Amino acid sequence: MPLSAVKAIAKGQNGVGAFILQCKRLDFHYCDWAGSSKGMNAFIKTFLPKFAKQNPQIEITISPRPRKHPVIKGHYINGREKAICVRNMTSELVLEKATLLRDASGEKLKRVNKPVQSMNESVRGIWSPHHGARYQI
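Now for a look at the structure at hand. Note that the coordinates shown come from a computational prediction; the quantities given were computed from them, not determined experimentally. (Residues numbered from 1 in each chain as written. Predicted model: local features only at pLDDT ≥ 70, side-chain atom pairs only at ≥ 80, totals over all residues. Heavy atoms only, no water.)

**Description of the overall build of the protein chain**
Argument step 1. For the protein chain, the helix and strand inventory stands at 3 helices and 4 strands.
Argument step 2. By residue count, 28% of the 137 residues in the protein chain fall in the buried class.
Argument step 3. Taking contacts inside the protein chain between residues at least 6 apart in sequence as the whole, the part at least 24 apart equals 69%.
Argument step 4. Of the roughly 11,400 Å² of accessible surface on the protein chain, 56% is carried by carbon and sulfur atoms. (Helix = DSSP H or I, 4+ residues; strand = E, 2+ residues; numbered from the N terminus. Buried < 20%, exposed > 50% of the residue type's maximum accessible area, 1.4 Å probe, protein only. Contact = heavy atoms within 4.5 Å. Areas by Shrake-Rupley, 256 points an atom, 1.4 Å probe, with all protein chains shown as cover.)

Encoded structure:
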């Protein structure tokens, strides 16, 4: 009876092999006239071309939004979107917020009560002063 080899097919998992960025599109909305968009306008003129070259996998759209505060919206592959208002921010802070949206996963923020989540509360069990050897003082 001849032996045959089992074919191994690699399955793609995020973080193993190729990394897939979760953010697929960033929308920059600004106003030409309002003073709260001054930092956004400076960001679009100075930092955005470099930011777009560093992140070719993200679609970047810029659109005017007259008489409104500037906003950056991130659209993610899981279908969610996050928006950050960047009114009265400098161009450096707008770059930080754009980087924050680029690196986010698109999931809702969850409150973490305990840093470690486990099915078992403790490996050793719950401590009590009645356990173990008796000490006399």
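**Some remarks on the packing of aromatic side chains**
Argument step 1. Tallied over the full model, the rule gives 2 aromatic pairs.
Argument step 2. Ring geometry for F28 and F43: centres 5.5 Å apart, planes at 35°, overall tilted. Taken as a pair, F28 in strand β1 (residues 23-30) and F43 in helix α1 (residues 38-46) lie far apart in primary sequence, 15 residues in all. For the pair F28 and F43, a shared accessibility class is recorded, and that class is buried.
Argument step 3. Taken together through their ring pairs, the aromatic side chains of F28, F43 and F47 make up a single cluster. (Phe/Tyr/Trp six-rings, centres within 6.5 Å; stacked < 30°, edge-to-face > 60°.)

Function cannot be read off these values alone, since they describe shape.
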